[in-house]
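Here is how the chains run, residue by residue.
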Amino acid sequence: MISVAVAGAAGRMGREVLRAVRDAADMRLVAAVDRAEIGADAGALAGGQPCGLPVVADLGDALRQSGAQVLVDFTVPASALGNLRIAAECGVRPVVGTTGLTEADLAQAAAWLRSAGIGGIVAPNFAIGAVLMMRFAAQAARYLPDAEVIELHHERKLDSPSGTALATARAIAESRAEAPVPAPDGTVEKIPGARGAVAGDVHIHSVRLPGLVAHQEVLFGGPGQTLSIRHDSIDRRSFMPGVLLAIRKAPELSELVVGLDRLL
């Protein structure tokens, strides 16, 4: 049995993780941490019967007292890096789905885990279909180098572009066999940002609207043709198979792994 703690347990993703861990035959939920819903029963938060495990606010105390082997973090960028430090100090392997961490943040987290002699994973997206979408986009970029990314998320998502969009742009830039067609001389944005943000010469457009969960389309263009590769998460349950996979793999890791694709 893998003992699992969940940070951000009262959030929408956190509740899904509580439910998924509760229902996994090879896992045991040992701690639920959040600054909201303190004292609430984790089983009830997961939409089931009370399990006698209350939500607590102090992550360090929860990890030390629970004997957790893996920490799943779905919080906010301002908290996630500190949670990674605490996990490393406690010898607990992190599985982080919080997006918005910078390259410097990831380097710092990797150093903490290396000093602790453990590994972990940070992934911009735990949906298996999204990982495949990014992989297919990288393959297509070898033959159709002109590409743009449109990512759509719910209105409460804190960061933009999404981590998935940035990872996709990096993969496209690395896979291109030739440079994209340059913009014509004299091109003007009548409104700054009308063409979206640019990462690795890939334009990224972010949409934030109620009713959305997590969606991304990669558009490729070539002479006389276009290609669209799209993934839609219409329910947060779509992320849980990837989260459970990461939890099961985490005890085997000896370094920080970035991206679920490296575990597939």
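Please refer to the structure placed before this passage.
Reference entry: report on the structure contained in this document.

Calculation rules
- All residue numbers here refer to positions counted from 1 along the written sequence of the relevant chain.
- Two thresholds apply to this predicted model, a pLDDT of at least 70 for residue-level local features and 80 or more for giving and counting side-chain atom pairs, whereas whole-chain, interface and lining totals are computed over all residues.
- Hydrogens and water are ignored here; the side-chain numbers use all heavy atoms of the structure.
- Under the DSSP-based scheme used, a helix requires at least four consecutive residues in state H or I and a strand at least two consecutive residues in state E, with every element numbered from the N terminus.
- To get the radius of gyration, use the C-alpha atoms; to get the globule rule, take the number of residues to the power 0.38 and multiply by 2.2 Å.
- Burial classes follow relative accessibility: with a 1.4 Å probe on protein chains only, a residue under 20% of its type's maximum area counts as buried, one over 50% as exposed, and anything between as partly exposed.
- Here a strand pair is declared whenever DSSP counts at least two bridges between the two strands.
- Residues count as neighbours in contact if any of their non-hydrogen atoms are within 4.5 Å of one another.
- Every axis corresponds to a line fitted to the C-alpha atoms, with the helix fit spanning only the stretch in contact, and the corresponding angles, defined between N-to-C directions, vary from 0 to 180 degrees.
- By arc we mean the arc of the directions from the helix axis to the C-beta atoms, nothing more.
- Polar contacts here mean pairs of N or O atoms no more than 3.5 Å apart (in protein, one a potential hydrogen donor and the other a potential acceptor; neighbouring residues in sequence count only if both atoms are side-chain atoms).
- Every case where a carboxyl oxygen of Asp or Glu lies within 4 Å of a side-chain nitrogen of Lys or Arg is listed as a salt bridge.

### Concerning the overall build of the protein
Stage number 1. Summing up its helical and strand segments, the protein has eight helices and twelve strands in all.
Stage number 2. Here the protein has a C-alpha radius of gyration of 20 Å; the compact-globule value for 264 residues is 18 Å, and the two agree.
Stage number 3. Across its three principal axes, the protein shows a C-alpha extent of roughly 65 × 40 × 30 Å.
Stage number 4. Here the protein holds 264 residues, and the buried ones make up 50% of them.

### Quick look at the sheet that holds strand 6 (residues 120-122)
Stage number 1. The seven strands lie next to each other as 3-2-1-4-5-6-12, forming an open sheet whose pairing is parallel. Two strands in the sheet have a free side with no partner beyond their single neighbour: strand 3 (55-56) and strand 12 (256-258).
Stage number 2. Judged from the three bridges that link them, strand 6 and strand 12 form a sheet pairing that is parallel. What sits directly across from Gly120, in strand 12, is Leu256.
Stage number 3. Packing of helix 1 (residues 12-23) onto the sheet brings it into contact with strand 1 (2-7), strand 2 (27-33) and strand 4 (70-73), and relative to strand 2 it is tilted by some 155°.
Stage number 4. Across the sheet, helix 5 (residues 103-116) lies against strand 5 (93-96), strand 6 and strand 12, angled at about 150° from strand 12, the strand it touches most.

### Let's talk about helix 3 (residues 59-66)
Stage number 1. Those residues of helix 3 not exposed but buried are Leu59, Gly60, Ala62, Leu63 and Ser66. Projection of helix 3 onto a plane perpendicular to its axis shows the buried side chains occupying an angular sector of 165°, all on one side. Facing away from the buried side of helix 3 by over 90 degrees, the exposed positions are Arg64 and Gln65.
Stage number 2. Tucked into the core, helix 3 has its buried residues touching strand 1, strand 2, strand 3, strand 4 and helix 4 (77-90).
Stage number 3. At the exit of helix 3 stands Gly67, carrying a positive phi of roughly 70°.

### Regarding the environment of Asp58
Stage number 1. For Asp58, the location among the structural elements is in the loop between strand 3 and helix 3.
Stage number 2. With 56 residues separating them in the primary sequence, Asp58 and Ile2 have C-alpha atoms 21 Å apart.
Stage number 3. A polar atom in the side chain of Asp58 sits 2.8 Å from the backbone nitrogen of Asp61.

### A look at the pattern of salt bridges
Stage number 1. Under the defined criterion, the tally for this structure stands at 13 salt bridges.
Stage number 2. Salt-bridge contacts for Asp26 lead to Arg248; the nearest nitrogen and oxygen are separated by 2.7 Å. One end of the pair, Asp26, is in the loop between helix 1 and strand 2; the other, Arg248, is in helix 8 (residues 240-249), with 222 residues separating them in the sequence.
Stage number 3. A residue is classified by how much of its surface remains accessible, and Arg248, at 36% relative accessible area, is partly exposed.
Stage number 4. Glu89 is paired through a salt bridge with Arg85; the nearest N and O atoms lie 3.0 Å apart. A residue pair is termed a helical-turn pair when its members lie 3 or 4 positions apart in one helix, as Glu89 and Arg85 do in helix 4 at four residues.
Stage number 5. On the basis of relative accessibility, which here comes to 34%, the residue Arg85 falls in the partly exposed class.

### Points about the pairing of strand 10 (residues 214-222)
Stage number 1. Sheet analysis places strand 7 (residues 146-153) next to strand 10, joined by eight bridges and oriented antiparallel. Across the sheet, the residue bridging to Ala147 is Phe220, located in strand 10.
Stage number 2. The sheet contact formed by strand 10 and strand 11 (residues 225-233) spans nine bridges and is antiparallel. Paired with Gly221 across the strands is Thr226, a residue of strand 11.
Stage number 3. Between strand 10 and the antiparallel strand that follows it, strand 11, lie two residues; Gly224 among them carries a positive phi value of about 75°.

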